[in-house]
Amino acid sequence: EIPFLVWEGFCASSIERQSRIEADRFAREWKRLSRDERFRSHFQYHGISFWPFVESALAGDFLDLFPELVRVMETTQALLEAVGPDAVVLTDDRPPFQRVFVAACRAVGVPTINVQNSVLDGFVEGGPITTDAIAVDGEASRVNLIKRGMTAEHIVVTGQPRFDVLVNNA
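Residues numbered from 1 in each chain as written. Predicted model: local features only at pLDDT ≥ 70, side-chain atom pairs only at ≥ 80, totals over all residues. Heavy atoms only, no water.

Asks: Would you mind going over the pairing of strand 5 (residues 133–136) in detail, with residue names and values included?
Replies: The two faces of strand 5 match: Ala133 and Ala135 on one face and Ile134 and Val136 on the other face are all buried. Bridging between strand 4 (residues 112–115) and strand 5 involves three bridges; their strand directions are parallel. Among the inter-strand pairings, Ile113 is bridged to a residue of strand 5, identified as Ala133. Note that strand 5 and strand 6 (residues 155–157) share three bridges and pair parallel. The residue bridging Ile134 from the neighbouring strand is Ile155, located in strand 6. (Buried < 20%, exposed > 50% of the residue type's maximum accessible area, 1.4 Å probe, protein only. Helix = DSSP H or I, 4+ residues; strand = E, 2+ residues; numbered from the N terminus. Pairing = 2+ DSSP bridges.)

Put into structure tokens, the structure is as follows:
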């Protein structure tokens, strides 16, 4: 039996309160920026305003994403303080929530390792791998990551564990 803890269990009422305070701050900042013509003028190309195309996405970031990232950071810090892990394993560090989780680990010196959970043909969401190391299922994934700027010493080729049963039963 593998012991486990639920991440959300570390989100105390003080963290929820801090997230609401930050949500209010982000909302005020969004209100100010969204009315600022100089700010809005940065979103144009060849004299065409892109503001109508990006306004709702930016509003979502300010009003929903940024406050949630605060909650993720605070909850992760509480978890790390309570548990004191020697390392943390993730299955994907590219989405914003996982990237904040990795940043919180890094801030307190907890190493992180990413276990490849899909074909890494590019970095559509979030950008390059941010963990300290990554375990990949094959040489093609290793070469792909090196081409994208990850150093070879941070990549370990482990194979795909779900196929171990095939090898062991052969």
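Past the structure itself, the notes keep going.
Asks: Hey, could you go over the packing of helix 3 (residues 51–83) against helix 4 (residues 96–107) for me, with residue numbers and the actual values?
Replies: Where helix 3 contacts helix 4, the two axes come as close as 9 Å, and the packing angle between them is 40 degrees. For the element pair helix 3 / helix 4, the angle class is oblique. Seen along the crossing, helix 3 lies across helix 4 with a hand that is right-handed. Each of Leu65, Glu68, Leu69, Val72, Met73, Thr76, Gln77 and Leu80 in helix 3 lies in contact with helix 4, whose residues at this interface are Pro96, Phe97, Val100, Phe101, Ala103, Ala104 and Cys105. Classifying every residue of the contact of helix 3 with helix 4 gives 12 nonpolar, two polar and one charged. (Axes fitted to C-alpha atoms, helices over the stretch in contact; angles between N-to-C directions. Parallel < 35°, antiparallel > 145°, perpendicular 65-115°, else oblique. Left-handed = near helix turned anticlockwise from the far one by under 90°. Contact = heavy atoms within 4.5 Å. Nonpolar A, V, L, I, M, F, W, Y, C, P; charged D, E, K, R; others polar.)

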